[in-house]
Amino acid sequence: YFLLSGIIVLASGYTNYFQVPHTIIRILPLILSVFTIYLTGFLASKIFNKPIGLISALIYVTVPTIVLANRMSLTENLITPLMLLSTVFLIKENKNKNRYKFTLIIALLSFLSLLTKQVGIVIALSAGLIYFMQKDWRKIYIIFAAALIAAGMYLTIAAYYDLGLF
């Protein structure tokens, strides 16, 4: 998340992070909020129907705490669309014949979410639980391999900077 935020700041022409106005810092949360709104409505319409999907998106847009949280530059703004996107791919995977393509996408999303924040392991655990219930061991290995690689990278980054801080 912070890498994306830094790219937006640098693309705006600022080199000192303390001089960046709030309007620039809030570009990334705004973009991610739009994806979250769309994915919330899309997922609700896939599970229920289109009117429920529209109502879900409208509720997401109008709840004050969600609106306030989406304005702030928080890592949850990235992890929420990653979780929703992985849920969409889990639903699509059951309807498609080329199922390993979606499994690799879900593995990539779990990899990225774990690097975003530690709670991102939930994507790998939930996908692994679904595959465990389906007794699809190969998909479990794919998902947990991605999670282990991400955890290894996370610990490597932690050891590089200062393991005591993590």
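Bear in mind that the values here come from a model prediction, so they are computed numbers and not experimental data.

Cut-offs used in this document
- Per chain, the residues get numbers from 1 upward, laid out in the order the sequence is written.
- Restriction of local features to residues with pLDDT of at least 70 applies here, the model being predicted, together with a cutoff of 80 or more for giving and counting side-chain atom pairs; totals for whole chains, interfaces and linings are based on all residues.
- Calculated side-chain values reflect all of the structure's heavy atoms, with hydrogen atoms and water omitted.
- Numbering of helices and strands starts at the N terminus; helices are DSSP runs of H or I of at least 4 residues and strands are runs of E of at least 2.
- Fitted lines through C-alpha atoms give the axes, limited to the stretch in contact for helices. The angle between two N-to-C directions lies from 0 to 180 degrees.
- Oblique is the label for any angle not covered by the other classes, which are roughly parallel (under 35 degrees), roughly antiparallel (over 145) and roughly perpendicular (65 to 115).
- Crossings are classed by handedness, with left-handed meaning an anticlockwise turn of the near helix from the far one by less than a right angle and right-handed meaning a clockwise turn.
- Contact criterion: two residues are considered in contact whenever any of their non-hydrogen atoms come within 4.5 Å of each other.
- Here a pair means two rings of Phe, Tyr or Trp (six-membered ring of Trp) with centres within 6.5 Å. Their orientation is stacked below 30 degrees between planes, edge-to-face above 60, and tilted elsewhere.
- For every residue, the accessible area (1.4 Å probe, protein chains only) is compared with the maximum for its type, and the residue is labelled buried under 20%, exposed over 50%, or partly exposed between those bounds.
- Helix span, expected: 1.5 Å multiplied by one less than the number of residues in the helix.
- The arc in question is the one traced by the directions running from the helix axis out to the C-beta atoms.
- A 3.5 Å cut-off defines polar contacts: any pair of N or O atoms within that distance qualifies, except that in protein one atom must be a possible hydrogen donor and the other a possible acceptor, and neighbouring residues in sequence count only when both atoms are side-chain atoms.

### Some remarks on unusual backbone geometry
Excluding glycine, residues mostly carry a negative phi; peptide bonds, for their part, are mostly trans.
Then step 1. Of note, the phi angle at Lys 135 is positive, near 55°, even though the residue is not glycine.
Then step 2. Its location among the elements puts Lys 135 in the loop between α8 (121-134) and α9 (137-161).

### What to know about the packing of helix α7 (residues 99-116) against α9
Then step 1. In the contact formed by α7 and α9, the axes pass within 9 Å of each other and the chain directions differ by 25°. As judged from the angle between their axes, α7 and α9 are roughly parallel. Viewed along their axes, α7 and α9 form a crossing whose handedness is right-handed. Residues Arg 99, Tyr 100, Thr 103, Leu 104, Ile 106, Ala 107, Ser 110, Phe 111, Leu 114 and Leu 115 of α7 touch α9, and the partners they reach there are Arg 138, Lys 139, Ile 142, Ile 143, Ala 146, Ala 147, Ile 149, Ala 150, Ala 151, Met 153 and Tyr 154.

### Observations regarding the packing of aromatic side chains
The description of an aromatic ring pair rests on the distance of the ring centres and on the angle between the ring planes.
Then step 1. In the structure shown here, the tally under the stated rule is four aromatic pairs.
Then step 2. Consider the rings of Phe 132 and Trp 137, whose centres lie 5.6 Å apart with planes at 65°: the pair is edge-to-face.
Then step 3. When its relative accessible area of 43% is taken as the criterion, Trp 137 is described as partly exposed.
Then step 4. Pairing Tyr 160 with Tyr 161 gives two aromatic rings, centres 5.0 Å apart and planes at 85°, and the pair type is edge-to-face.

### Some remarks on helix α4 (residues 50-62)
Then step 1. The end-to-end C-alpha distance of α4, which contains 13 residues, comes to 18 Å, matching closely the 18 Å that a straight helix rising 1.5 Å per residue would cover.
Then step 2. Buried residues of α4: Gly 53, Ala 57 and Tyr 60, and no others. Along the long axis of α4, the arc covered by the buried residues comes to 60°, so they all point the same way. In α4, the exposed positions that point more than 90 degrees away from the buried face belong to Pro 51, Leu 54 and Thr 62.
Then step 3. Those residues of α4 that are buried lie in contact with α3 (27-47) and α5 (64-71).
Then step 4. Among the residues of α4, the N-terminal cap falls to Asn 49, whose side-chain oxygen and the backbone nitrogen of Ile 52 are separated by 3.0 Å.

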